[in-house]
Amino acid sequence: MSVERTAGVEGEALEVWIDQDLCTGDGICAQYAPEVFELDIDGLAYVKSSEDELLQAKGATTPVPLPLLTDVVDSAKECPGDCIHVRRVSDKVEVFGPDAE
């Protein structure tokens, strides 16, 4: 049995979600981290579960795998729609993205 390690700032687990209302469909996120992001037939980006399932529910989150932390953060930084949010699981505080403190 393997244990999937998730990323964290100072060891805390992180999750990511996309605000589809702001998504411009550029696909930069899917280029940086195709394991985490995917464009759907509607032209918008969504996060994927660790089982590679597209999560289309509004506000759906997925854990950020440790090996992909840099790619996910770069996606949030480069997103023209400023719609990618990375937050701590423990307190839901955004650490990367448009609402990061």
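Every residue gets a number counted from 1 within its own chain, in the order that chain's sequence is written. Two thresholds apply to this predicted model, a pLDDT of at least 70 for residue-level local features and 80 or more for giving and counting side-chain atom pairs, whereas whole-chain, interface and lining totals are computed over all residues. Excluded from the side-chain calculations are hydrogens and water; all other atoms, namely the structure's heavy atoms, are used.

To keep things clear, this is the line we draw: UniProt positions are given in the numbering used here, feature names are shortened, and annotations may be inferred rather than shown by experiment.
Under the annotation held in an unreviewed UniProt entry, the chain carries the name Ferredoxin and is attributed to Streptomyces chartreusis. Regarding the chain, the relevant UniProt record gives this comment under Cofactor (unreviewed entry): "[4Fe-4S] cluster".

## A look at unusual backbone geometry
This is how it is decided: In DSSP terms, a helix is any run of H or I states spanning at least four residues, a strand is any run of E spanning at least two, and both are numbered starting from the N terminus. Only protein chains enter the accessibility calculation, which uses a 1.4 Å probe; a residue is then buried when its area is under 20% of its type maximum, exposed when over 50%, and partly exposed in between.
Phi angles above zero are rare outside glycine, and aspartate 82 is one such case at about 45°. Its place among the elements puts aspartate 82 in the loop between helix 2 (69–78) and strand 6 (84–88). Judged by its relative accessible area of 40%, aspartate 82 falls in the partly exposed class. Residues other than glycine seldom take positive phi values, yet lysine 92 does so here, at roughly 65°. Mapped onto the fold, lysine 92 is located in the loop between strand 6 and strand 7 (94–96). According to the relative accessible area criterion, lysine 92 is partly exposed, its value standing at 44%.

## What about the state of the cysteines?
Cut-off, in case you're wondering: Here, two cysteine sulfur atoms that lie within 2.5 Å of each other are counted as a disulfide.
Counted under the stated rule, the structure contains zero disulfides. Of all cysteine sulfurs, the one in cysteine 83 lies closest to cysteine 79, which takes part in no disulfide; the gap is 3.6 Å. Judged by its relative accessible area of 11%, cysteine 79 falls in the buried class.

## Thoughts on the environment of arginine 88
Worth spelling out the cut-off: The contact rule is simple, with two residues in contact once any of their heavy atoms fall within 4.5 Å. Counted as a polar contact is a pair of N or O atoms within 3.5 Å, where, for protein atoms, one must be capable of donating a hydrogen and the other of accepting one, and residues adjacent in sequence contribute only when both atoms are in side chains.
Inspection of the secondary structure assignment puts arginine 88 in strand 6. Expressed as a C-alpha distance, the spacing of arginine 88 and proline 63, which sit 25 residues apart in the sequence, is 9.7 Å. If near-sequence neighbours (up to four positions away) are discounted, arginine 88 is found in contact with Glu12, Ala13, Leu14, Val93 and Val95. Side chain to side chain, arginine 88 and aspartate 91 meet in a polar contact 2.8 Å long.

## Topic: the side chain of serine 49
By the element assignment, serine 49 lies in the loop between strand 3 (45–48) and strand 4 (54–55). Apart from the residues lying within four places of it in its own chain, the contact partners of serine 49 are Leu55 and Thr62.

## With respect to the sheet that holds strand 3
Rules: For two strands to count as paired, DSSP must find a minimum of two bridges between them.
Taken in spatial order, the three strands line up as 2-3-4 in an open sheet, and their pairing is antiparallel. The open sheet has two edge strands with one neighbour each: strand 2 (37–39) and strand 4. In this sheet, strand 4 lies alongside strand 3 in antiparallel orientation, the contact comprising two bridges. Bridge assignment links valine 47 to a residue of strand 4, and that residue is leucine 55.

## What to know about the pattern of salt bridges
Rules: Criterion for a salt bridge: a side-chain nitrogen of Lys or Arg within 4 Å of a carboxyl oxygen of Asp or Glu.
Enumeration over the complete set of coordinates arrives at six salt bridges. Ionic pairing is found between lysine 48 and aspartate 52, a salt bridge with its closest N-O pair at 2.8 Å. By relative accessible area, which is 8% here, lysine 48 ends up buried. Three or more residues joined by partner-sharing salt bridges are found here, namely Glu15, Arg87 and Lys92.

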